[in-house]
Amino acid sequence: MASKLISVYELESDESRFFSPYCWATRLAVTHKGIKYKTIPWHFGEQDKIKFSNQGLVPVIVDENQGGKWVNDSWEIAKYLEKTYPDQPSLFDGPSGEALCRFVTKSVSLGPLMECIALDSQKVQLPEHRAWLKEKGEALFGCPTEQFCKGEGGVKAFGEKLQPFRDTLQEYQFLGGSSPCYADIYLLSFFMTAYAVSPIKLLAKDDPLYSWRQRMLKAYGNPHTAHGQKGFPESLE
Ligand SMILES: N[C@@H](CCC(=O)N[C@@H](CS)C(=O)NCC(=O)O)C(=O)O
C-alpha cells in the first residue's frame, strides 16, 4: 500500500512552468497509479541535488513507501511503478502492452516539437538558464535556434509525424483501447510541455488528436491547472 509520498524531481523554468516531457510522463504515471506525490522543482545546473542517483538528468523519483528508493529515467520509473504497485491501475496492461508502450516511447521524438516551441521555451527561462537551453538545442540541430525553430510554421510537420496516432485514435478512444495506458501518457506529455511554454496551437479542433487530448485531460483531472503551474490555459479549451 502506498501511503507515503513519492518525490518527483521535475525540470522547472521560471514561475512554476514544468516543461520537460519526460518529467510530465513521470508525473502522469504516478497520477495514473493513484499514488500521492510531491514535486521537487529542479533547475539546469542543479546536478548536485540529484547526485544520489549517480547521474545528472531528471526525472528522478524517491519512493518513501520503499525506504527512499530512487529511480531515474521516465521509462525505468514507469516500469518500477508497475512492478512495485501491481494492485494500482495498470500502466501497461501486461507484458505485451509494456512492449507496445516502449515502442510508442521510441516512436515520439522531441525534435518536431522543438521546431515549433524552442524559441518560446527559451523565453520563459530564468536568464541564467536561457543560454544553457539554447546551447543544448543548437547542439542537437547543429544550427542557431532561429534557423531550426519555425514557430507556427513547424506545426504542420509536427502534426504529420503524429499521423499513425491520429489514425489509431479515430478507431479507439485511447492508445490503450477503452482507457489510457502509458503510451497515452507519453504522447500527452509532449503536449503538456508545449502548453507550459508556448501559446502555439498544435492541433485543430477537428483533429482526432484534439478530442483524445481533451479525454486525457479529463481522465487526469487536467494536470496542467491542477498543479498550479503557469502556462497558457486558453489553449486547453
Ligand atoms: N531518457 C531520459 C531523458 C531525461 C532528460 O533528458 N532529461 C532532461 C530534461 S528534459 C534533463 O534532465 N536535462 C538536464 C541536463 O541535461 O543537464 C528520460 O526519459 O527520463
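Criteria and cut-off values
- Residues numbered from 1 in each chain as written.
- Predicted model: local features only at pLDDT ≥ 70, side-chain atom pairs only at ≥ 80, totals over all residues.
- Heavy atoms only, no water.
- Pairing = 2+ DSSP bridges.
- Helix = DSSP H or I, 4+ residues; strand = E, 2+ residues; numbered from the N terminus.
- Near = heavy atom within 4 Å.
- Polar contact = N/O pair within 3.5 Å; in protein donor to acceptor, adjacent residues only side chain to side chain.
- Areas by Shrake-Rupley, 256 points an atom, 1.4 Å probe, with all protein chains shown as cover.
- Nonpolar A, V, L, I, M, F, W, Y, C, P; charged D, E, K, R; others polar.
- Contact = heavy atoms within 4.5 Å.
- Core = buried A, V, L, I, M, F, W, Y, C linked by side-chain atoms within 4.5 Å.
- Buried < 20%, exposed > 50% of the residue type's maximum accessible area, 1.4 Å probe, protein only.
- Domains from an automatic or database assignment.
- Axes fitted to C-alpha atoms, helices over the stretch in contact; angles between N-to-C directions.
- Expected span 1.5 Å × (residues − 1).

**Q** Explain the pairing of strand 4 (residues 69–72) to me, please; I cannot follow it from the model alone.
**A** Moving residue by residue along a regular strand, the side chains alternate between the two faces of the sheet. Inspection of the sheet shows strand 3 (residues 60–63) paired to strand 4 by 4 bridges, in the antiparallel sense. Looking at strand 4, one finds that Val-62 is bridged to Trp-70. The loop that links strand 3 with its antiparallel partner strand 4 comprises 5 residues; one of these, Gly-67, has a positive phi angle of about 65°.

**Q** How do you make sense of the site of the ligand when you look at a structure like this?
**A** Taken together, Leu-11, Ser-20, Tyr-22, Trp-42, Gln-47, Leu-57, Val-58, Pro-59, Asp-73, Ser-74, Trp-132 and Lys-136 make up all the residues around the ligand. With respect to the ligand, the side chain of Asp-73 contributes an N or O atom lying 3.1 Å from a nitrogen atom. Here Lys-136 contributes a side-chain N or O atom positioned 3.1 Å from an oxygen atom of the ligand. Burial of the ligand by the protein chains amounts to 78% of its free accessible area of 520 Å². Considering only residue class, the shell around the ligand consists of 7 nonpolar, 3 polar and 2 charged.

**Q** How do you make sense of the side chain of Ser-189 when you look at a structure like this?
**A** Note on placement: Ser-189 falls in helix 9 (residues 182–197). Within the structure, the side chain of Ser-189 is placed 3.2 Å from the backbone oxygen of Pro-21, a separation counted as a polar contact. In contact with Ser-189, not counting residues within four places along its chain, are Pro-21, Trp-24, Ala-25 and Leu-28.

**Q** Looking at this model, I keep getting lost on the nonpolar core. Mind explaining?
**A** Counting residues in each nonpolar core, the largest one holds 69 residues, and the members touching the most others are Leu-81, Tyr-182, Leu-202 and Trp-212. Here the element with the most residues in this core is helix 9; it accounts for 13 residues. In terms of domain composition, this core takes at least three residues from each of domain 1 (6–90) and domain 2 (107–236).

**Q** Mind showing me how you'd approach the sheet that holds strand 3 here?
**A** What holds strands together in a sheet is hydrogen bonding between their backbones, with the strands either parallel or antiparallel. Strand order in this open sheet of 4 strands is 2-1-3-4, and the pairing throughout is mixed. In this open sheet, the two strands that pair with only one neighbour each are strand 2 (37–42) and strand 4. Neighbour-to-neighbour, the strand axes of the sheet open up by a mean angle of 20°, direction not taken into account. Summarising the sheet, strand 1 (residues 6–11) and strand 2 pair through 6 bridges and their orientation is parallel. Bridge pairing links Ser-7 to Lys-38 in strand 2. Seen against the sheet, helix 1 (residues 21–33) touches strand 1, strand 2 and strand 3 and runs at an angle of roughly 155° to strand 1. Contacting strand 1, strand 3 and strand 4, helix 2 (residues 74–84) runs over the sheet at an angle of about 135° to strand 4.

**Q** Can you help me understand helix 9 in this one?
**A** Think of an α-helix as 3.6 residues a turn; residues three or four steps apart then line up on the same face. The end-to-end C-alpha separation of helix 9 is 23 Å, in line with the 22 Å expected for 16 residues at 1.5 Å each. In terms of residue burial, helix 9 counts as a mostly covered element, since 16 of its 16 residues are buried.

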